[in-house]
Structure formats: C-alpha cells, structure tokens
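Per-entry structural report
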Amino acid sequence: MSAVTVHTEAVERYFAAWNATESDRIAAAVSAAWTPDGRYTDPMAEVVGRDGIAELIAGVHRQFPGFTFRPVGTVDGHHDVVRFGWELASPADGSAPVAGFDVLTLAEDGRIRAVSGFLDRVPAEAG
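This structure is a prediction, so every number in the text was calculated from the model and none was measured. (Residues numbered from 1 in each chain as written. Predicted model: local features only at pLDDT ≥ 70, side-chain atom pairs only at ≥ 80, totals over all residues. Heavy atoms only, no water.)

On to the overall build of the protein. Secondary structure summary: the protein contains 3 helices and 6 strands in total. Written out in order from the N terminus, the α and β elements of the protein read α-α-β-β-α-β-β-β-β. Whereas a compact globule of 127 residues would reach a radius of gyration of roughly 14 Å, the protein reaches 14 Å, a difference of no more than 12%. With respect to the principal axes defined by its C-alpha atoms, the protein has extents near 40 × 30 × 25 Å. Among the 127 residues that make up the protein, the fraction classed as buried is 41%. At a minimum sequence separation of 6, the contacts of the protein that also span at least 24 residues come to 45%. Accessible area for the protein stands at about 6,800 Å²; split by element, carbon and sulfur atoms hold 54% of it. (Helix = DSSP H or I, 4+ residues; strand = E, 2+ residues; numbered from the N terminus. Rg over C-alpha atoms; globule rule 2.2 N^0.38 Å. Buried < 20%, exposed > 50% of the residue type's maximum accessible area, 1.4 Å probe, protein only. Contact = heavy atoms within 4.5 Å. Areas by Shrake-Rupley, 256 points an atom, 1.4 Å probe, with all protein chains shown as cover.)

Okay, here's the thing in structure tokens:
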C-alpha cells in the first residue's frame, strides 16, 4: 500500500470517528482509527487512550449537536506524518464556526498514535 493511501485512509477513519454520534459507534470508530494508547492534543484538550478520545468526541457533539466535521483542502503527508485542514459544519446552513488543522503521527499499522490539533477559528463562547 502506498504512503498516500495509508495517509488518506487514516484521515478517513479520523473523520469517521469525529462524525460518529452514538457512544457505541464512537467507541468502534475510535478503536478503528487510534492505537490503544493514542493521544489527542489541541489548545483546549489533552487526552490519552481511546476512552478519553471517545469522551472528547462525545463532548464536542454535545456542544455542537448535529454538526459534522468535513475536510478542507487536501491531505498531505510523508513517512508516518499526515496533515490536513477541517471545519465543523452546521446542519442548518453549512456555516463552519470551528475550523482547524491537524497533524497525525501514525503507527506502523496505519492507526493514529498521536494528534496535534490547531484551532484556527473557535466561537467566543467555546474558548
């Protein structure tokens, strides 16, 4: 499998996890995307392990019910590192009050070992 395919599939699994809304689906998607000791860090959160990542995702969905994450631009990567932009979009009008840029570090099996997230746009009440 090419590095581009590994990178693209890792990002697809990442979005599947962030767009899952029911706790059992979130847990399954997180397990498919992250290693057991995976990490997620951004300016507002730092969690380790699949349970912590699943709870973080559930919390975002509680704060932004019905919203979905969508990619912005193209996936770029080399070796075990992948970067891409994203937005959190409203189901009502497609507006995206939250946007950012993430960098993934992948394990040998293509699952995520670590995420370094950067927030480019956050609503005032969220920060």
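Turning our attention to the sheet that holds strand 6 (residues 112-121). The mixed open sheet is built from 6 strands, whose spatial order is 2-1-6-5-4-3. Edge positions in the open sheet fall to strand 2 (45-48) and strand 3 (68-78), since each of these has one partner strand only. The mean angle between the axes of side-by-side strands here comes to 20 degrees, regardless of whether they run parallel or antiparallel. Along the sheet face, helix 2 (residues 23-33) touches strand 1 (34-42) and strand 6 and points at about 100 degrees away from the line of strand 1. Along the sheet, helix 3 (residues 50-63) contacts strand 1, strand 2, strand 3 and strand 4 (81-89); its crossing angle with strand 1, the most-contacted strand, is approximately 45 degrees. (Pairing = 2+ DSSP bridges. Axes fitted to C-alpha atoms, helices over the stretch in contact; angles between N-to-C directions.)

Further remarks concern the pattern of salt bridges. Inspection of every chain in the model, using the stated rule, returns 8 salt bridges. Among the salt bridges present, the one from Arg 70 reaches Glu 87, with a minimum N-O distance of 2.9 Å. Highlighted residues: Arg 70 in strand 3 and Glu 87 in strand 4, separated in sequence by 17 residues. According to the relative accessible area criterion, Glu 87 is buried, its value standing at 18%. Here Asp 80 and Arg 113 are joined by a salt bridge, their closest N and O atoms 3.4 Å apart. Remark: Arg 113 occurs in strand 6 and Asp 80 occurs in the loop between strand 3 and strand 4; sequence separation between them is 33 residues. (Salt bridge = Lys/Arg side-chain N within 4 Å of Asp/Glu carboxyl O.)

Tyr 14, Trp 18, Trp 34, Tyr 40 and Leu 104 are the most contacted members of the largest nonpolar core, which has 33 residues in total. Those elements that place two or more of their residues in this core are helix 1 (3-19), helix 2, strand 1, strand 2, helix 3, strand 4, strand 5 (98-106) and strand 6. In this view, Trp 18 contacts Trp 34, Tyr 40, Leu 56, Ile 57, Val 60, His 61 and Phe 69; residues no more than four positions away in its chain are not counted. (Core = buried A, V, L, I, M, F, W, Y, C linked by side-chain atoms within 4.5 Å.)

Position of Ala 29 among the secondary structure elements: in helix 2. For the pair Ala 29 and Phe 15, spaced 14 residues apart in sequence, the C-alpha separation works out to 9.1 Å. Ignoring sequence-local partners within four residues, the contact set of Ala 29 consists of Ala 16, Ala 17 and Ala 20.

Glancing now at the pairing of strand 1. Bridging between strand 1 and strand 6 involves 4 bridges; their strand directions are parallel. Bridging from a neighbouring strand, Tyr 40 pairs with Val 115 of strand 6.

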